[in-house]
Structures are given as structure tokens and as C-alpha cells.
Amino acid sequence: MSEHHMHGQLNNSSDQHLRSTHRDDTGSTTLLFGGQPSPLQGDATEKVAQLGQAGEACLEIGDNAEPDVVTGTKWNAVQFVAAADLRAENATDKEPDSLYAWMVIFACLISLMLSIGINDAYGVYQQHYQLTEFPNATTAIISWIGTTQFLVMCVGGTFSGFLCEHFDTRVMSAVGAIVMGVALIAGSFCKSVQMLMLTQGLLYGIGASFPFVAGTSIPTQWFTKRRGLATGIALSGSGLGGMWMTSATQSLIDSVGRPWAMRVTGIVACVAVLAISPWMRVRLVPSKSEKIIDWSLLRDVRFNLFLGAVVFAVAAYFGPFYQIPSYSVVVLHKSANWGTNMDTLMNGLSVLGRLAVGFLADFTGPLNLFIINTVLAAASLLVLWVPFDSVGTLIAVDLLFGFAIGGIVSVIPVVAAQVFGLARLPSIIGLLFIGYFIGGLLGVPPMSALLDDVGHRTDYTSSIWYMAILPVCSLLFSVAMRFLLTRNLCTRV
């Protein structure tokens, strides 16, 4: 007989306490509430131990009670998270933290490399459309092609989170791969902005949403010891994709033209994502829900603050990627290739940011790193880009903003898993995609409109100011969330 003590306590209004787990001589495990067996018994309670470091962090700070939907009792944050995970079932007999788990991480890396990486490289297409193929179209209209890609990925991600709970994620990923390829190949035959918006924007976004949401939500389920590092490696795929796709797309456009550049990209995306689909599988399957979105999370003030932070972080994400290539040509009088290289450099630094945050999150806490990186992103735009318009400062913006924004997007699902639980993460990510959608609307379209209407396509000042304000807003929401969780600055959150 042995006991495994848990830290943390229930809300002060309750006289029950989560003291320990107890294993009797038959090998059965039972949670003990104030010395009494809880209704959550059996082998499923072993999953509490699998919460790992994220669970420990929640235990340190979880003193806000949440009502249990079944019993009506009040549990603290970690008990609420643990109960959700206890109701989940193992989707496979593969062990977490195993070689197979790392194969899943590699599959997620490739999935994100092609889905969101292609979207990251849209700045090259924007530059080509704006300066060469559609010179009479406004910047705002052209930017809507890439924006539509991302927005539809977010909407599709909301529904694909629900589908991933009800259907095999490997099949959903394979279907997405085929739609991605068809969308880009169809777009290669389009001769107008409107048709490109339907194919390169709408149809591609629908297809990419499935590997996107799977690659974002699956990694945290497969690790208990180095969850932050594993998630950082998986999510670095989007930065890696943006880095090599940016250079490859520019080279293809220069050598074989835009139509064939899209056809080659579509074939590569389809084949690669199809190849890794067999490893795109979840480890935990929650109890089936008929809800497409788990709206109950909106009753949690902490989640609303987190959602606000995510909205403004995503709004800040794409602006520099979309505008720096044309800014380099129009303001700094550099070549189109030089502007493309700036995007490549920023994507490369975003990879380093994802990996660094993934490594450090296990030691300092993911929310802490989210806040630190938001400060760096805001500083890069406010301190460097707003007052200066030189080559040197733009390179510095590329380095600092790329590193910071990569860390921000990498740590979002880790924060969600730590604070709100693993088992329902696909539904949580689905709700966050609504935030991504709102962030997408608040980001590039207003920036492009400011460039057209205020800057007359030559003065980027108002657009840069707008970009700089967005990470500041994200910072305010994330700091408020941390304040609600704990006021101790030294706590790993």
C-alpha cells in the first residue's frame, strides 16, 4: 500500500480536500477527498500522474474553484483539469514520452511546415501580385488572399477540432492534404484576384485546417516530462516551412512563373502531408460531446483573458511577414529578392524562438514565457521600426520580432494544456481558433487599409504604428491572466 501526495486544496468554502491517491492490495487506485474515496476510481485515475509538470504547475497555483457539472461540488483548478482527463480514454496503447511519441512530433512538424508554412510565405505572392501581376489592385484587396487562407483555416480549425474528437485524425489529415493540393493547383490557372481568393485563399484554407489543428493540438498529449520542448519542436515546423517556402517560392516564380510555382507547391504539400498522416493520431480521446465548441470555457475569466491575449498576438503575427517584402522595395529601395530574404530571415528566427521557448517552458512556465516574448515583440516594433527606416534597424526588427513571435505562437497550446487540461485540448484549440479568426481580421486588413488610404502605398508609418500597438494589447491581457492565477512573480506558470 502506498500514497502519492498531491499539493493544492479546494476552495475555502468546501470542507473536502484532495489529499492523495490510494492503492489498495488489489491494485485499485482511488482518489481520496478528505480521506473519503472520490467517485473517480479505477485505473483511469492513473492518468493524474500523467499530467506531469503541467499538473504540478497547476497544483502550485490552482486556488480558484470551478463547479463540477455532475456533482455540483466545487473543485479547484487542478481537480477540474484532472477530472476532465480522467473521463478521457486512451486512443492507443502507445506510451507517452516514447520513440513513437517523437515520431508523432516529427509528423506534426511536417504537417505544420506545409499547412501554416505556406501561409507564412504568402508575403512573396503579395509582393508579386502588388508589383507585377495586379499593379492596379489595392494592397488591401491583394492581402485578402492570404488573410482568407488564414481565416478559413481558423474557421475550419474550429470544426476540425470537433471532428478530431469524433473521427480518426489520421483520416482527417489525409483529406486535408488532398484538398490543399487541389486548391493550389486550381489557383495556378486563375487570372484574377477574386478567383485566387476562392482557390488559393478559401479552398486552401479549408484543406489546411485539418493538418493545422491536428499538428497544433496533438503534441501536448504525447509528453508528460518535456511537453514544452516537444511542442516547441512540432510548432517550429511552421517557421521552418515559412523559411524555406519563402525562398523556394521566390525562386520558382523567377524561374518558371507564378502558375508553375503554385503547382509544384501543391504537389509537394499533398504528397508530404499524405505521407505523414498515419502518425497524426491522438493519445487521449475525451468522452464524446455533441458540441462543436466547448462554450463553457467562456464562463472562466482566466480563459477569456487568455483568449484576448491570443487574439491580439495573432493580429500582430502576420503584419511584418506580409509588409516587409514590399516595404524593402518601396521605402528602402532594395530588390524584390532582398525583401524575400528578410521574410526568410524572420521565419528562421521564429524557428529558434519556438525551440528556445519549448526548451525553457518546462523550467520557467509557458505563460511566463508568453509574457516575456510579447514584451520583446512590442519592443521590436515600437523601439526599432517606428522611429527608424534604415536597413540596419529593419534587420534588427526581423531578428527580434521573428524570435519573439515564434515563441508566442509556440507556447499558446502549452498554456492551454497546462491551465485548462489535456483531454479536451482539441475543443479548446477549436475555441482558440475563433480567437485566431478575430485576430486575423484585426491584423493584416486594417494594416493594408492604412497603407492604402493614409500612406498612399508609399508611407508605412501609420501601418507600422498599428502593428506595434497589437502586441501591447496582448501583453495587457496576459499579465491580467497571470495576476488572477498567482501574484507571486517567482511561481512557474
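Cut-off values and rules
- Residues numbered from 1 in each chain as written.
- Predicted model: local features only at pLDDT ≥ 70, side-chain atom pairs only at ≥ 80, totals over all residues.
- Heavy atoms only, no water.
- Helix = DSSP H or I, 4+ residues; strand = E, 2+ residues; numbered from the N terminus.
- Buried < 20%, exposed > 50% of the residue type's maximum accessible area, 1.4 Å probe, protein only.
- Contact = heavy atoms within 4.5 Å.
- Areas by Shrake-Rupley, 256 points an atom, 1.4 Å probe, with all protein chains shown as cover.
- Lys, Arg positive; Asp, Glu negative; His and termini not counted.
- Salt bridge = Lys/Arg side-chain N within 4 Å of Asp/Glu carboxyl O.
- Expected span 1.5 Å × (residues − 1).
- Bend = angle between axes of the 7 residues up to and from the residue.
- pLDDT = per-residue confidence, 0-100.
- Polar contact = N/O pair within 3.5 Å; in protein donor to acceptor, adjacent residues only side chain to side chain.
- Phe/Tyr/Trp six-rings, centres within 6.5 Å; stacked < 30°, edge-to-face > 60°.
- Lys NZ or Arg CZ within 6 Å of the ring centre and 35° of its normal.
- Axes fitted to C-alpha atoms, helices over the stretch in contact; angles between N-to-C directions.
- Parallel < 35°, antiparallel > 145°, perpendicular 65-115°, else oblique.
- Nonpolar A, V, L, I, M, F, W, Y, C, P; charged D, E, K, R; others polar.
- Left-handed = near helix turned anticlockwise from the far one by under 90°.

Here the focus is the overall build of the protein. The helix and strand tally for the protein stands at 16 helices and eight strands. Considering the protein as a whole, with its 493 residues, one finds that 60% of them fall into the buried category. Sequence separation of 24 or more characterises 79% of the internal contacts of the protein that already satisfy a separation of 6 or more. Roughly 18,200 Å² of accessible area belongs to the protein as shown, and the carbon and sulfur atoms make up 67% of that amount.

With a phi angle near 60 degrees, His333 is a residue other than glycine that sits in the positive phi range. Along the polypeptide, His333 turns up in the loop between α10 (301–330) and α11 (336–364). For His333, a relative accessible area of 65% puts it in the exposed group. Positive phi, normally seen in glycine, also occurs at His456, with a value near 50 degrees. Checked against the element boundaries, His456 lands in the loop between α15 (444–453) and α16 (461–485). A residue is classified by how much of its surface remains accessible, and His456, at 57% relative accessible area, is exposed.

Quick look at the side chain of Arg263 now. Residue placement: Arg263 occurs in helix α9 (residues 258–276). For the buried Arg263, no salt bridge is present, and the opposite-charge side chain at shortest range is Glu133, 10 Å distant. Apart from the residues lying within four places of it in its own chain, the contact partners of Arg263 are Ile185, Ser188 and Phe189.

What follows deals with the environment of Ala313. Mapped onto the secondary structure, Ala313 falls in helix α10. On a C-alpha basis, the gap between Ala313 and Cys473 in space is 8.2 Å, while along the polypeptide they are 160 residues apart. Setting aside its immediate chain neighbours within four residues, Ala313 contacts Phe370, Ile405, Ile408 and Ser474.

Here the focus is α10. Given 3.6 residues to a turn, an α-helix orients residues that are three or four positions apart in the same direction. In this model, α10 (30 residues) spans 44 Å end to end at C-alpha, consistent with the 44 Å of a helix rising 1.5 Å per residue. Along α10, the helix axis deviates most sharply at Ile324, where the bend reaches about 40 degrees; the proline Pro325 sits within four residues downstream. The element α10 is largely enclosed, with a buried count of 26 among its 30 residues.

We now examine the confidence of the model for the protein. In the predicted model, the protein carries a mean pLDDT of 78, and 76% of its residues have values of at least 70. In the predicted structure, residues 1–89 sits below a pLDDT of 50 and forms 156 contacts with residues beyond four places in sequence or in another chain.

The next subject is the side chain of Ser188. Its location among the elements puts Ser188 in the loop between α6 (169–187) and α7 (193–217). A polar contact is formed between the side chain of Ser188 and the side chain of Arg263, at a distance of 2.8 Å. For Ser188, the residues in contact, after removing those within four places along its chain, are Arg258, Pro259, Met262 and Arg263.

To continue, consider the packing of aromatic side chains. Taken as a whole and assessed by the stated rule, the structure comprises 16 aromatic pairs. Ring centres 5.7 Å apart and planes at 45 degrees place the aromatic pair Phe318 and Tyr322 in the tilted group. Highlighted residues: Phe318 and Tyr322, both in helix α10, separated by four residues, approximately one helical turn. No difference in accessibility class separates Phe318 from Tyr322, as the two residues are buried. Through pairs of rings, three or more aromatic residues link up here, namely Tyr122, Tyr125, Tyr129, Phe134, Phe150, Tyr317, Phe318, Phe321 and Tyr322. When the ring centre of Phe189 is taken as origin, the NZ or CZ atom of Arg263, which lies over that ring, is 4.4 Å away.

Let us now look at the packing of helix α8 (residues 227–256) against α11. At their nearest, the axes of α8 and α11 sit 7 Å apart, and the two run at 170 degrees to each other. By the criterion of interaxial angle, the relationship of α8 to α11 is roughly antiparallel. For the contact of α8 with α11, the per-class residue count stands at 10 nonpolar, 16 polar and five charged.

Now for the environment of Gly241. With respect to the element layout, Gly241 can be found in helix α8. Residues Gly241 and Gly117, 124 residues apart in the sequence, show an inter-C-alpha distance of 4.1 Å. Residue contacts for Gly241: discarding those within four places in its chain leaves Met113, Gly117 and Thr246.

The subject of this paragraph is the packing of α6 against α7. Put simply, α6 and α7 touch, their axes get as near as 7 Å, and they point 165 degrees apart. The orientation of α6 with respect to α7, classified from their angle, is roughly antiparallel. As for the relative orientation of α6 and α7, their crossing is left-handed in sense. Contact with α6, carried on its side by Met172, Ser173, Gly176, Val179, Met180, Val182, Ala183, Leu184, Ala186 and Gly187, involves Leu196, Thr199, Gln200, Leu203, Tyr204, Gly207, Ala208, Phe210 and Pro211 of α7 and no other residues of that element. Tallied by class, residues from the contact of α6 with α7 come to 13 nonpolar, six polar and no charged.

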